[in-house]
Amino acid sequence: QVQLVESGGGLVQAGASLRLSCAASGRTFTSYAMGWFRQAPGKEREIVARIRWNDDTYYNDSVKGRFTISRDNAKNTVYLQMNSLKPEDTAVYYCAAADSPAVGGQYKYNYWGQGTQVTVSS
């Protein structure tokens with residue numbers, strides 16, 4: 001089994017920065033993509049950022065220029081650097097891993113972390 005554990009969330013004021021970490025452990029698997037998702041109260045879960053096996057990245061338009069996804073393969077860890085945080089960034093943030101190639105341009109994320117709360121006050 002694969003475990004993903006997020007950390008780094010918290011309560012900050014608008015304009016502040018946070019760095020989320022997602023550490024993977026358990027059985028060895030091929031990570032075709034790692035993604036950060038978020039879900040705010042009353043809203044559907046949405047993808048925030050994704051990094052592929054070849055370091056290609058994708059960002060939700062709402063976070064472009066403010067968030068950066070990266071990874072450290074030696075530490076089996078993916079990061080989400082969040083700068084210039086806004087109240088609308090408030091949500092539970094989840095990391096997820098896809099262990100198979102994309103189909104139709106979409107990855108199937110089979111492994112999920114438990115989530116970490118990010119709250120941005122105005």
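Here we summarise the structure given alongside this text. Bear in mind that the values here come from a model prediction, so they are computed numbers and not experimental data. By convention here, each chain's residues receive numbers from 1 onward along its written sequence. Local features in this predicted model are restricted to residues of pLDDT 70 or higher, and side-chain atom pairs are both shown and tallied only at a pLDDT of 80 or more, whereas totals for entire chains, interfaces and linings draw on every residue. Note: side-chain values were computed over all heavy atoms of the structure, leaving out hydrogens and water.

It is worth spelling out the overall build of the protein at this point. Helix and strand definitions here come from DSSP, where helices need a minimum of 4 consecutive H or I residues and strands a minimum of 2 consecutive E residues; each element is numbered from the N-terminal end. Within the protein, the secondary structure is distributed over 0 helices and 11 strands. Secondary structure of the protein in N-to-C order comes out as β-β-β-β-β-β-β-β-β-β-β. We take the radius of gyration over the C-alpha atoms and set the globule estimate at 2.2 Å times the residue count to the 0.38 power. Its C-alpha atoms give the protein a radius of gyration of 14 Å, near enough to 14 Å, the size a compact globule of 122 residues would have. Oriented by its inertia axes, the alpha-carbon framework of the protein measures out at about 40 × 30 × 25 Å. In this scheme, a residue with accessible area under 20% of its type's maximum is buried, one over 50% is exposed, and one in between is partly exposed, where area comes from a 1.4 Å probe on protein chains only. Scored against the burial criterion, the 122 residues of the protein give a buried share of 39%. Of the accessible surface of the protein, which amounts to about 6600 Å², a share of 47% is contributed by carbon and sulfur atoms. Only the protein chains shown count as cover for residues, and the accessible areas themselves come from Shrake-Rupley with a 1.4 Å probe.

The subject of this paragraph is the nonpolar core. Proteins that are soluble and globular tend to have nonpolar side chains buried together. With 29 residues, the main nonpolar core has Leu4, Trp36, Leu80, Met82 and Tyr93 as its most contacted residues. At the level of elements, strand S1 (2-7), strand S3 (18-26), strand S4 (33-39), strand S5 (46-52), strand S7 (67-72), strand S8 (77-82), strand S9 (91-98) and strand S11 (116-121) are the ones that each hand at least two residues to this core. Once residues within four sequence positions are removed from consideration, tyrosine 93 is found in contact with Glu6, Leu20, Trp36, Phe37, Arg38, Val48, Phe67, Leu80, Met82, Gly115, Thr116 and Val118. Definition used in this section: a nonpolar core is a set of buried Ala, Val, Leu, Ile, Met, Phe, Trp, Tyr and Cys residues joined via side-chain atoms within 4.5 Å. Residues count as neighbours in contact if any of their non-hydrogen atoms are within 4.5 Å of one another.

Once that is clear, we can look at the environment of valine 12. Secondary-structure assignment places valine 12 in strand S2 (residues 10-13). When the C-alpha atoms of valine 12 and alanine 74 are compared, they prove to be 30 Å apart, with 62 residues separating the residues in sequence. If we skip the residues at most four places from it in the chain, valine 12 touches Leu18, Leu85, Thr119, Val120 and Ser121.

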